[in-house]
Amino acid sequence: MEAGLRKMMEKMMNAEPINTTEDRPVLHVALRAHERAKIIVKNKNVVTLVREVLEKLKFFVTRVREAEWHGYSGKPIRDIVNLGIGGSDLGPKMVCEALKPFSRILNVHFVSNVDGSDIYETLKSLNPETTLFVVASKTFTTQETMANARVAKEWVLNRAGFDEAIANHFVAVSTNVEAAVKFGINPENVFEFWNWVGGRYSLWSAIGISIMLAVGMDVFEELLAGAKEMDEHFFSSPIEKNAPVILGLIGIWYNNFWKAQSYAVLPYDEHLRYFPNFLQQLDMESNGKSVTRKGDKVEYETAPIVWGQVGTNGQHAFYQLLHQGTKMVPVDFLVAAESFSPYKDMHDILVANCFAQSEALMRGKSKKQVESELEQMGLKSKKIKKLAQHKVFEGNKPSTTIIYPKLTPRRLGSLIAMYEHKAFVQGVVWDINSFDQWGVELGKVLTQSILNEFKGGKTHQHDASTMALIRYYLKHRAK
Ligand SMILES: O=P(O)(O)OC[C@H]1O[C@](O)(CO)[C@@H](O)[C@@H]1O
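On a predicted model such as this, the values are computed, not experimentally measured, just so you know. (Residues numbered from 1 in each chain as written. Predicted model: local features only at pLDDT ≥ 70, side-chain atom pairs only at ≥ 80, totals over all residues. Heavy atoms only, no water.)

A. Inspection of the side chain of Gln315 at higher detail. One can find Gln315 in the loop between strand 9 (305–307) and helix 12 (319–324). The residues contacting Gln315, other than those within four sequence positions of it, are Tyr268, Asn353 and Gln357. (Helix = DSSP H or I, 4+ residues; strand = E, 2+ residues; numbered from the N terminus. Contact = heavy atoms within 4.5 Å.)

B. Spotlight on the sheet that holds strand 9. Pairing is parallel across the open sheet formed by four strands, whose spatial order is 9-8-10-11. Among the strands making up the open sheet, the edge pair consists of strand 9 and strand 11 (399–404). This sheet shows a mean twist of 15° between the axes of neighbouring strands, independent of strand direction. Looking at chain direction, strand 10 (residues 331–336) and strand 11 are connected through six bridges and run parallel. Along strand 11, the bridge assignment pairs Phe333 with Thr401. Strand contacts of helix 11 (residues 275–287): strand 8 (262–268), strand 9 and strand 10, with the helix running at about 150° to strand 8, the strand carrying the most contacts. Along the sheet, helix 13 (residues 344–363) makes contact with strand 8, strand 10 and strand 11, crossing strand 10 at roughly 155°. (Pairing = 2+ DSSP bridges. Axes fitted to C-alpha atoms, helices over the stretch in contact; angles between N-to-C directions.)

C. Just the pairing of strand 4 (residues 107–111), in detail. As defined by bridge partners, strand 3 (residues 79–83) adjoins strand 4 across five bridges and the pair is classed as parallel. What sits directly across from Leu83, in strand 4, is Val111. Following the backbone out of strand 3, through helix 3 (residues 90–98) and into the adjacent parallel strand 4, one traces a crossover that is right-handed. (Right-handed = clockwise from strand over helix to strand, strands pointing away.)

D. Spotlight on the site of the ligand. Not every one of the 14 residues close to the ligand is listed here, only the nearest: Ser88, Ser137, Lys138, Thr139 and Thr142. A distance of 2.7 Å separates an oxygen atom of the ligand from a polar backbone atom of Lys138. Thr139 is positioned with one of its side-chain polar atoms (N or O) 2.6 Å from an oxygen atom of the ligand. Looking at side-chain class alone, the shell around the ligand contains two nonpolar, nine polar and three charged residues. (Near = heavy atom within 4 Å. Polar contact = N/O pair within 3.5 Å; in protein donor to acceptor, adjacent residues only side chain to side chain. Nonpolar A, V, L, I, M, F, W, Y, C, P; charged D, E, K, R; others polar.)

What follows is the structure, given as structure tokens:
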């Protein structure tokens, strides 16, 4: 293809630094590659490194799940709290929810926000003696995660009364082992991953530890196997039969040729309730760029705004706009032929709703149809004239329905990997670097300087509006 997709795929698999602004290869595929595969980075087969960490994780996860790992007072662990944000939260949280039918033994919680209410409300119902914290951060410097980790550490220490308790209640996942150890975590309990794994592509690495703790290693291996199947399909299928390529091109068609501003992901599957949030980061952080790989300003649209929520809830909130609004919103529907719930009749209702929506979007309802229906209802012609136009559905609104037999761990792995590769395909066609995220940096820097001012530090030059906000806050914040 003209955009050089095959060439970029080869570059990815050859571990070339396709994340050019950070000079890093992009190798999330290595995290689920066959154990005998070879992907060489700096003279090391990274697949071997991946397998070594997986073995270490297996040992740890089994000990916790089989109650061989004890809290400081000798009690087994009951609750896991994942402290992480962005890629260190969204992927694991989405998968844990999706695999709830396979989840046993431990309760897994996620705390991400730097709003103290998040950790406060989570800890309220937990017992420090039986709670294990996973500090999940690629960099181990992320403000939100470190703030939450400090609160959690104090919470455990306040109850335990001795520093050594930390070793029983904290593990870390990071590429920055040194910082994790400095935080007080036993180096044996730091699980490594590597800077060739992007945060939003990292659920397959040790960042997936909360998934492993929730469902066990066998189920996690199934998830990896599903992703590997999709990788094989993506790297070996012809373009016209290649699911991520087709999805990617459909997206580009509506985004660039029909000028769709946004794209909705609507899972008719409660277990995928966090899938839209996950895809938001995957697509918008990967492809929300406005310069080409060479640094020139792009002259076309890149990533759309991704949004959505589960059907049928969305039907009673925003589908009005999908059907009759002025914006064209392409949709992905996701639906399982078989549910995990025992209520089969309810599943029929759910699926019927899903199919009805795509049909309604496509077919719409003409004014003529509306008028004849109103006539049959016995309405007077004056009333029909008044009402008809409001009941017209334009139709011809695009959607893709992805239907699968049942959301097993393997299928979930394939589904996620399919969307990962879709983002890659789109990034290649748009000629942008899908693997950096410089756009999040400015806000982080400004936060630091404002925070210093809150602490009485030097006042910086801000615009008038920001100055007014700072003054208001300092006057009204809790003393
Ligand atoms: O895992 P970390 O290093 O704490 O980063 C969390 C998230 O922050 C980001 O860097 C954006 O700020 C994401 O790309 C990443 O997933």
